[in-house]
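# Geometric and topological summary
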Amino acid sequence: TGDFADSRNSNELSWYVRTLDGGAVIPNSGAAGTYEGVQIWSEATYAYHPDDPAGDQFGERGFPTIPGVLNAAVSQRVTSRGLPAPWYSVYGNHDTLFMGNIQVQVALQAWATGSRKAALWPATTTNMVNWWSQNNSMFQQFVQELRTSVGLQNGVHSVTADASRKLFDQRQFIQAHLDSGPFPGPVGHGFTQASLDNNQTWWQADITGGLRVFGLDTCNQVAGADGAVPQDQFDWLEAGLEQARKDNKLAVVCSHHNSYTLENIATTAIGPSQNLIHADEFVAMLQKYPNMIAWINGHTHINTITAHPSGDGAGFWEITTASCVDYPQQQQMLEVVDNDDGTLSIFTTVLDHDSSA
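### Looking at the overall build of the protein chain
A tally of regular secondary structure across the protein chain gives 10 helices and 14 strands. Against the compact-globule benchmark of 21 Å for 357 residues, the protein chain has a radius of gyration of 22 Å, which places it among compact chains. Intrachain contacts of the protein chain at a sequence separation of at least 6 include 64% that bridge at least 24 residues. Summed over all atoms, the accessible surface of the protein chain reaches about 18200 Å², with 55% contributed by carbon and sulfur. Computed over 16 positive and 36 negative side-chain charges, the inter-centroid distance for the protein chain is 8 Å.

Now the structure itself:
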């Protein structure tokens, strides 16, 4: 349910696809065998510094000192067996915006692949604001380049430049899924060649003979971590749910954002934009279809299950799953079961990383 690439870097995108398909990854960028990032920079007290956590908030909470673990982590080849079943994908805000919040501009592309990195968020935003300012004189740009190159901005460090950190766009995200192999499949993982040709970032697929899944792109293209459902997707989904009802198929909707975070109102200041549908209207539309059984999502990094009953005794379940990387680092298995009495059940099993299942 999204957020496969934390910083929208191309290397992160390739690592994620290779991990799910099966293959080897060395999770490093820049200098081989050397960690270059916030976990060794003293200003970044928000991050865990395993070589010496005394100066960060994690050390205060008793996190251990583990010398050398960062360099070891970026030196080792990690081999994944891949998923044992076909997998499908939807966009998350980190796959759409830089750091999940900022629209990508030219300055961000250079910042991503270059030799300077910020330990603190204000240093990144200051760099971007200076580039985006209305004063675009050559002198202004020269001064900004000089300030950045010699490290006069607070919290900016030298790192090894790496072209593989290039920020990908929507077409490249879809293409990476189409380039994925046929096993475990399916090719495109929900996306199709038509998705690429039409720049359509949402899809539908029949998972079994009786179950149709709809994958949405609820991510805001302008700014902000939270999302909404664009009018074109809302209309497409409603028509799809009606068709699934006529086809006698159960329906499941997948998105990154959930009903607690579907309230982003940001639209472009210049140029065309479309209406954005928010949580109450979206849920009300889903409740109209008795074949709609589950809305699966993520974003908030917690496990929650919310009932959305309709007035006729039907309704659907909203199932939000925690992050695979951020605490509590869990995944969730969902089973749709025909009870053979005119009813069905949805069983949810939360799995930890070290589970034997």
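### Re the confidence of the model for the protein chain
Taken over all residues, the pLDDT of the protein chain has a mean of 90, while the share at 70 or more is 90%. Counting contacts from residues 131-136, a segment whose pLDDT is below 50, to residues more than four positions away or on other chains yields 11 contacts. Note on residues 138-152: pLDDT is under 50 here. Beyond four places in sequence and across chains, it has 18 contacts.

### Overview of the pairing of strand β12 (residues 315-320)
Within a regular strand, side chains alternate between the sheet's two faces. Sheet topology places strand β10 (residues 292-297) next to β12; four bridges connect them, and they run parallel. Within the sheet, the bridge partner assigned to isoleucine 296 lies in β12 and is isoleucine 319. Note: strand β11 (residues 304-309) against β12, six bridges, orientation antiparallel. From the neighbouring strand, isoleucine 305 faces β12, where its bridge partner is isoleucine 319. Between β11 and β12, which pair antiparallel one after the other, the connecting turn spans five residues, and glycine 313 there sits at a positive phi close to 85°.

### Here's the deal with the nonpolar core
Counting residues in hydrophobic clusters, the biggest one holds 25 residues, and the most contacted among them are Leu13 and Val252. When contributions to this core are tallied by element, the ones reaching two or more residues are α1 (10-21), α7 (170-178), β5 (203-208), β6 (211-215), β8 (250-254) and β10. In terms of residues, this core owes the most to one element, α7, which gives four residues. For valine 252, the contacting residues outside a window of four places in its chain are Leu211, Arg212, Val213, Phe214, Ile293, Ala294 and Ile296.

### Thoughts on the packing of aromatic side chains
If you walk through the whole model with that rule in mind, you get 13 aromatic pairs. Aromatic pair phenylalanine 173 and phenylalanine 191: ring centres 6.0 Å apart, planes at 85°, arrangement edge-to-face. Of the two residues, phenylalanine 173 sits in helix α7 while phenylalanine 191 sits in the loop between α7 and α8 (193-198), which places them 18 residues apart along the sequence. Ring centres 6.4 Å apart and planes at 65° place the aromatic pair tryptophan 202 and tryptophan 236 in the edge-to-face group. Here tryptophan 202, found in the loop between α8 and β5, pairs with tryptophan 236, found in helix α9 (residues 231-246); they are 34 residues apart in sequence, far enough to count as distant. Through a chain of ring-to-ring contacts, the aromatic side chains of Tyr91, Phe168, Phe173 and Phe191 assemble into a single cluster. Looking at arginine 8, its charged tip hangs above the ring of phenylalanine 168, at a distance of 5.9 Å from the centre.

### Focus on the packing of α9 against helix α10 (residues 279-286)
Their axes nearest at 10 Å, the elements α9 and α10 cross at an angle of 15°. In this view, α9 runs roughly parallel relative to α10, as classed from their interaxial angle. Like other packed secondary-structure pairs, α9 and α10 cross with a definite hand, here right-handed. Between α9 and α10, the residues in contact are Phe234, Leu237, Glu238 and Leu241 and Glu281, Phe282, Met285 and Leu286, respectively. Counted by class, the contact of α9 with α10 contains six nonpolar, no polar and two charged residues.

### Things to note about α1
Between its terminal C-alpha atoms α1 stretches 17 Å, which fits the 16 Å expected from 12 residues at 1.5 Å a residue. Residues of α1 that are buried make contact with α7. Of the residues trailing α1, glycine 22 is marked for its positive phi of about 110°.

### Considering the sheet that holds β6
Reading across from one edge, β5-β6-β8-β10-β12-β11 is the order of the six strands in this open sheet, with mixed pairing throughout. Each edge of the open sheet is held by one strand with a lone partner, namely β5 and β11. In this sheet, adjacent strand axes meet at a mean angle of 20° when their direction is disregarded. Strand contacts of α9: β5, β6, β8 and β10, with the helix running at about 180° to β6, the strand carrying the most contacts.

### Comments concerning the environment of proline 184
Tracing the backbone shows proline 184 in the loop between α7 and α8. Sequence separation between proline 184 and histidine 308 is 124 residues, and the spatial gap between their C-alpha atoms is 33 Å. The contacts of proline 184, once residues within four sequence positions are left out, are Leu20, Asp21, Leu83, Ala85, Pro86 and Trp87.

### Some remarks on the side chain of lysine 117
For lysine 117, the location among the structural elements is in strand β3 (residues 116-118). It turns out lysine 117 is buried and unbridged, and the closest side chain with the opposite charge, glutamate 36, is 8.9 Å from it. A polar atom in the side chain of lysine 117 sits 3.2 Å from the backbone oxygen of alanine 112. Look past the residues within four positions of lysine 117 in its chain and what remains in contact with it is Trp41, Trp111, Ala112, Gly155, Val156, His157, Val159 and Arg165.

### Examining the packing of α1 against α7
At a minimum axis distance of 10 Å, the contact between α1 and α7 shows a crossing angle of 25°. Considering the angle they form, α1 stands roughly parallel to α7. Pair α1 / α7 crosses with right-handed handedness. Within the contact between the two elements, α1 uses Leu13, Tyr16 and Val17 and α7 uses Gln172, Phe173, Ala176 and His177. Its residues assigned to classes, the contact of α1 with α7 shows five nonpolar, two polar and no charged.

Thresholds applied
Residues numbered from 1 in each chain as written. Predicted model: local features only at pLDDT ≥ 70, side-chain atom pairs only at ≥ 80, totals over all residues. Heavy atoms only, no water. Helix = DSSP H or I, 4+ residues; strand = E, 2+ residues; numbered from the N terminus. Rg over C-alpha atoms; globule rule 2.2 N^0.38 Å. Contact = heavy atoms within 4.5 Å. Areas by Shrake-Rupley, 256 points an atom, 1.4 Å probe, with all protein chains shown as cover. Lys, Arg positive; Asp, Glu negative; His and termini not counted. Charge placed at Lys NZ, Arg CZ, Asp CG, Glu CD. pLDDT = per-residue confidence, 0-100. Pairing = 2+ DSSP bridges. Core = buried A, V, L, I, M, F, W, Y, C linked by side-chain atoms within 4.5 Å. Buried < 20%, exposed > 50% of the residue type's maximum accessible area, 1.4 Å probe, protein only. Phe/Tyr/Trp six-rings, centres within 6.5 Å; stacked < 30°, edge-to-face > 60°. Lys NZ or Arg CZ within 6 Å of the ring centre and 35° of its normal. Axes fitted to C-alpha atoms, helices over the stretch in contact; angles between N-to-C directions. Parallel < 35°, antiparallel > 145°, perpendicular 65-115°, else oblique. Left-handed = near helix turned anticlockwise from the far one by under 90°. Nonpolar A, V, L, I, M, F, W, Y, C, P; charged D, E, K, R; others polar. Expected span 1.5 Å × (residues − 1). Salt bridge = Lys/Arg side-chain N within 4 Å of Asp/Glu carboxyl O. Polar contact = N/O pair within 3.5 Å; in protein donor to acceptor, adjacent residues only side chain to side chain.

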